[in-house]
Amino acid sequence: MTAPILSVADLRVWFGHPPDRVDAVRGVDLGVSRGESFGLVGESGSGKSTVLRAIAGLSPDWSGRIEVAGESLSGARRSAAFHRRVQMVFQDPYASLHPRHTVDRVLAETLTLQGMDDIDRRIVRLLDDVGLGRGFRFRYPHQLSGGQRQRVAIARALAGEPELLLLDEPTSALDVSVQAEILNLLTDLRADRGLTYLMVSHDLAVIGHLCQRLAVMQAGGIVDRLDVADLRAGRSGSDYTRHLIAASQYQRA
Amino acid sequence: MSALLSVRDLRVSFPSRQGMFEAVRGVSFDLGRERLGVVGESGSGKSMTGRAILGLVRPPGQVAAQALTLGGQDILNLPERERRRIRGRRIAMVMQDPKFSLNPVMRVGDQIVEAYRLHSGAGRAAARLKALEMLEAVRIRDPERVFQSYPHEVSGGMGQRIMIAMMLAAGPEILIADEPTSALDVSVRAEVLRIMDDLVRDRGMGLIFISHDLNLVAQFCDRVLIMYAGRIVETLAARDLHSARHPYTQGLLNSLPRLDAPVDRLPVLERAEAWRDGPLVDASMTEALPGGLR
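In every chain, residue numbers begin from 1 and rise along the written sequence. Whichever chain is written first is A, and whichever ligand is written first is 1; the rest continue in order. Totals for whole chains, interfaces and linings use every residue, but because this is a predicted model, local features are given only for residues with pLDDT of at least 70 and side-chain atom pairs only at 80 or more, for both listing and counting. Computation of side-chain values: all heavy atoms of the structure, hydrogens and water removed.

What about the overall build of chain B?
Note the cut-off: Put simply, DSSP H or I for four residues or longer makes a helix, DSSP E for two residues or longer makes a strand, and each gets a number counted from the N terminus. C-alpha atoms define the radius of gyration in this analysis, and the globule rule sets the expected value at 2.2 Å times the number of residues to the power 0.38. Burial classification: accessible surface area is computed with a 1.4 Å probe over protein chains only, and a residue below 20% of its type maximum counts as buried, one above 50% as exposed, and the rest as partly exposed. The criterion used for residue contact is that any of the two residues' heavy atoms lie within 4.5 Å. Residue exposure ignores everything except the shown protein chains as possible cover, and the areas themselves are Shrake-Rupley values with a 1.4 Å probe.
Counting its regular elements, chain B contains eleven helices and eleven strands. In terms of overall dimensions, chain B is globule-like: its C-alpha atoms have a radius of gyration of 19 Å, near the 19 Å expected for 294 residues. Per-residue burial for chain B yields a buried fraction of 54% across its 294 residues. Sequence-distant contacts, at least 24 apart, represent 68% of the contacts inside chain B between residues at least 6 apart. As presented, chain B carries roughly 13200 Å² of accessible surface, and 48% of it is formed by carbon and sulfur atoms.

Quick look at the structure:
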């Protein structure tokens, strides 16, 4: 095990003010090693996505400690170094791309913001890397399928050559055959670039496929931690995890 | 036993710049008192099939069929007025996301009451009792409270139960459920399915369950139709799904990650052009009805 690229201690995230304050995350501790793929599982409302959003600076109200590659974070502001190191891919590729920007513009803008040079060549390479090819460069999002859009979103995340990707249900809006393609792409990219993943999903089989370790969240806290061998064998000390495994097997004949 | 619903050579087409685009290209099947799964990916025409049966394809879309009969009566060429009398009363539909199916500015209970009165002509008080009874039937613990609530105040799983309650209040013969659990959490999903299953079974209804999730359908339905590019490429008893013969069905099954069978890379579905118009695995798609509900 190498040093953790991400460590989270006693993370609490809330929305609103008393008396309407909602505590979405109630004291979460996490450590993700460099090169690892770590999964967060739970139902909607369990706080799993909120953990990612707090790390990315999208949830301003939080307390606790978040460290990324030794850099301690605070509030919602993130340094340029952070944005280069950490990128996020969202669930809905229909909502996460600007409808009136071409793929070229989306990537060029990101590359410029990341302070990259040689933008033209990099766009071509990014498209190749995510398996899209040059023909897609000047298309608008509505001319792309869901899987192609998610590839663009992944290309955008890769633009700054990050070390850590925060993946928020990256395949749950896609058909199963397209999900397989995107999961394979994520597997290849991690192998080629030595990326670290922190992935959120409600689908245990997807987490089991892509991750080595996982944590199960419920009502804002982590109720269980296990590695993928335990998951596959259904070995868990927590009733809730066993319930989730059983529920996901209900889908499988 | 005769078919509740009989569909022959159903076609749905839309004009496009490249000429007519056929979203559904000759679908035939019979529905008995059974749970029939319709599986396919986005764009396979599965939802359009459901909408065409209900008469919900809007112009310029066109629906054609050799036959579309409900209990032996032709429903394809009915005037819109007559069609409306069938929709909701004899064939009901539950859609994917309750957030978009419920009126956001009307109390949940009032919506059920309105739908029920429209179909049954019942009085206000009777409709209210019926609504509460239906909310209880979908295992909502505190029906009075939910009756008074607005859609944004209920969870997704609760919203879908409310939709099922509303749809089943009029006592339809057929329920078309279009991805009814895709917007729900895994744990809530099982509960909603169980409720739907019980209701369909108790009332002897026919259920058309449209979904992209093969395994869910295999678990839940009696019989499965696999759609690809607007056609039914294969029909199977649900328990035989894993011995599917069509390469498309096999490809879909293989592309799912499985906890019990880890692989480094998932097999990717290679689509063959021949599937669009090639021979169908089961030519006798419309043969005798299966024995109804188990």
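Points about the packing of helix α5 (residues 146-158) of chain A against helix α6 (residues 176-193) of chain A
All names here are of chain A. As a reminder, the rule being used: Orientation is described by lines fitted to C-alpha atoms, with helices fitted over the stretch in contact, and by angles between N-to-C directions that extend from 0 to 180 degrees. Any angle between 65 and 115 degrees counts as roughly perpendicular, while under 35 counts as roughly parallel, over 145 as roughly antiparallel, and the rest as oblique. By convention, the crossing between two helices is left-handed when the near helix turns anticlockwise from the far helix through less than a right angle, and right-handed when the turn is clockwise. Polarity classes work like this: nonpolar for Ala, Val, Leu, Ile, Met, Phe, Trp, Tyr, Cys and Pro, charged for Asp, Glu, Lys and Arg, and polar for all others, with Gly in that last group.
α6 packs onto α5 with a crossing angle of 20° between their chain directions and a minimal axis gap of 10 Å. Taken as axis vectors, α5 and α6 run roughly parallel relative to one another. In terms of crossing hand, the pair formed by α5 and α6 is right-handed. Across the interface between the two elements, Gly 147, Gln 150, Arg 151, Ile 154 and Leu 158 of α5 pack against Val 178, Glu 181, Ile 182, Leu 185, Leu 186, Leu 189 and Arg 193 of α6. Classifying every residue of the contact of α5 with α6 by side-chain character gives seven nonpolar, two polar and three charged.

Considering helix α1 (residues 48-56) of chain A
Residues and elements named next belong to chain A. Most of α1 is tucked away, with seven of its nine residues classed as buried. Inspection of α1 places Lys 48, Thr 50, Val 51, Leu 52, Ala 54, Ile 55 and Ala 56 among the buried residues, and these make up the whole buried set. At the exit of α1 stands Gly 57, carrying a positive phi of roughly 85°.

A few points about the interface of chain B and chain A
In plain terms, the rule: In this description, buried area is defined as the sum, over both parts, of the accessible area (probe of 1.4 Å) that is lost when the two are combined. When a carboxyl oxygen of Asp or Glu is within 4 Å of a side-chain nitrogen of Lys or Arg, the pair counts as a salt bridge. Throughout this description, a polar contact denotes any pair of N or O atoms lying within 3.5 Å of each other; where both atoms belong to protein, one of them has to be capable of donating a hydrogen while the other can accept it, and for residues adjacent in sequence the pair is counted only when both atoms sit in side chains.
Of the residues lining the interface, 32 residues belong to chain B; the matching set on chain A comes to 28 residues. The three residues of chain B that bury the most area against chain A are Val 186, Pro 257 and Leu 259 of chain B, which together make up 26% of that side's buried surface. We note a salt bridge from Asp 188 of chain A to Arg 265 of chain B, for which the minimum N-O separation is 2.4 Å. Where chain B meets chain A, there are six residue pairs in polar contact (both at pLDDT 80 or more). Contributions of two or more residues to the side of chain B that touches chain A are made by α8 (186-203) and α9 (214-220) of chain B. Here the residues of the side of chain B that touches chain A are counted per class, giving 16 nonpolar, seven polar and nine charged.

Structural notes on the sheet that holds strand β3 (residues 37-41) of chain A
Residues and elements named next belong to chain A. Selection rule: Any two strands between which DSSP finds at least two bridges are classified as paired.
As summarised here, the arrangement of the six strands in space is β6-β7-β8-β3-β9-β10, forming an open sheet in which the pairing is mixed. Only two strands of the sheet have a single neighbouring strand rather than two, namely β6 (86-89) and β10 (221-227). Going across the sheet, the axis of each strand differs from the next one's by a mean of 20°, ignoring polarity. The sheet strands contacting α5 are β6 and β7 (164-168), and the helix crosses β6 at an angle near 170°.

Overview of the packing of aromatic side chains
Let me state the cut-off plainly: Stacked, tilted and edge-to-face are the three classes assigned to paired rings of Phe, Tyr and Trp, where Trp is represented by its six-membered ring and a pair needs centres within 6.5 Å; plane angles under 30 degrees give stacked, over 60 edge-to-face, the rest tilted. Whether a charge sits over a ring depends on NZ of Lys or CZ of Arg being within 6 Å of the ring centre and within 35 degrees of the ring normal.
Taken as a whole and judged by the stated rule, the model has two aromatic pairs over all chains. Judged by centre distance (5.0 Å) and plane angle (55°), the rings of Phe 209 of chain B and Phe 220 of chain B are tilted. Residue Phe 209 of chain B is found in strand β9 (residues 206-211), and its partner Phe 220 of chain B is found in helix α9; the two are separated by eleven residues along the sequence. Between Tyr 228 of chain B and Tyr 248 of chain B, the ring centres sit 4.5 Å apart and the planes meet at 50°, which makes this aromatic pair tilted. With Tyr 228 of chain B in strand β10 (residues 223-228) and Tyr 248 of chain B in helix α10 (residues 247-254), the pair connects residues that are 20 residues apart, well separated along the chain. Among the residues examined, Tyr 228 of chain B registers a relative accessible area of 10% and is labelled buried. Accessibility expressed as a relative area gives 0% for Tyr 248 of chain B, which makes it buried. Lying over the aromatic face of Phe 82 of chain A, Arg 78 of chain A brings its terminal NZ or CZ to 5.4 Å of the ring centre. Note that Arg 128 of chain B overlies the ring of Phe 147 of chain B, its terminal NZ or CZ placed 4.6 Å from the centroid.

Spatial relationships are all this shows, so hold off on functional conclusions.
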